[in-house]
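Next come the chains, spelled out residue by residue.
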Amino acid sequence: MVENAEELTNLDIKQQYYPGSDGKVSFRGSYRKGLAQGTHLWYDKNGQIDSSKIYTKGKLVAQGKMDAQGLRQGFWKEFYYPDGELKAEGEYKNGYRFKVWKFYYEDGKLQESGSYGQKEKLEGKWKWFYENGQILLVEDYKNGKEDGISIEYNDTGKVVAQGEYVNGLEEG
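Presented here is an overview of the structure given in this document. This structure is a prediction, so every number in the text was calculated from the model and none was measured. (Residues numbered from 1 in each chain as written. Predicted model: local features only at pLDDT ≥ 70, side-chain atom pairs only at ≥ 80, totals over all residues. Heavy atoms only, no water.)

## As for the side chain of Q73
So, step 1. Mapped onto the secondary structure, Q73 falls in strand β7 (residues 72-79).
So, step 2. Residues in contact with Q73, not counting those within four places in the same chain, are K65, M66, D67, Y92, K93, N94 and G95. (Helix = DSSP H or I, 4+ residues; strand = E, 2+ residues; numbered from the N terminus. Contact = heavy atoms within 4.5 Å.)

## Observations concerning the nonpolar core
So, step 1. Core analysis: the largest hydrophobic core is formed by 18 residues, its most contacted members being I54, W76, W101, F103 and W126.
So, step 2. Counting residues per element, the ones that place at least two in this core are β4 (38-43), β5 (49-56), β6 (59-66), β8 (86-93), β9 (96-104), β11 (122-129) and β12 (135-142).
So, step 3. In terms of residue count, β6 provides more of this core than any other element does, three residues in total.
So, step 4. Not counting the four nearest positions on each side in its chain, W126 is found in contact with F103, E112, S113, G114, S115, Y116, L137, V138, E139 and Y141. (Core = buried A, V, L, I, M, F, W, Y, C linked by side-chain atoms within 4.5 Å. Buried < 20%, exposed > 50% of the residue type's maximum accessible area, 1.4 Å probe, protein only.)

## Considerations on the side chain of E139
So, step 1. Take E139: it is sitting in strand β12.
So, step 2. No salt bridge forms around the buried E139; measuring N to O, its nearest opposite-charge neighbour K125 is 11 Å away.
So, step 3. Ignoring anything within four residues of it in the chain, the contact list for E139 reads G124, K125, W126, W128, E146, I149 and S150. (Lys, Arg positive; Asp, Glu negative; His and termini not counted. Salt bridge = Lys/Arg side-chain N within 4 Å of Asp/Glu carboxyl O.)

## Here's the deal with the pattern of salt bridges
So, step 1. Within the structure shown, the criterion is met by three salt bridges.
So, step 2. With a shortest N-O distance of 3.1 Å, E78 and R72 are connected by a salt bridge. With respect to class, E78 is no different from R72; both count as buried.
So, step 3. The partner of K125 in a salt bridge is D140, with the nearest N and O atoms 3.1 Å apart. Taken together, the residues K125 in strand β11 and D140 in strand β12 connect sequence positions 15 residues apart.
So, step 4. Of the residues examined, K125 reaches a relative accessible area of 44% and is grouped as partly exposed.

Without other data, these values stay purely geometric and don't point to any function.
Now the structure itself:
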């Protein structure tokens, strides 16, 4: 067993209450050695989760909305740790990425974009980009599997490979 492992140190749970509300919680979050750690929740006056943020060692790594079961719902932003630059943004449904998502390089340039279907399966057209902004790869997905034309480019935009997939298997 590892002694003094960071995961084993105590977390302080802090709560704030709405003034004059007979104890209705407005905020709940955990801290380790004075730094925000884990999920922090803000509640509306009806006791429903209004927004949430996730921290690692005091640095914001994600923000959006959670339901009462702790599942991510709706629009979220995720950040690179520890510098805080936007890493990804898109929707969650019942804890899974859903619909259109965009992912970014640490310098803020688009790295990839596409949609998720049910249970976070890739769906539709996905595009990956080089850091110079040129398209690297374009692929179509259906139910989480490559399905359609796949085209790969070099960093100057010239096609270097092309193929077709059906239900995840390469044709030809």
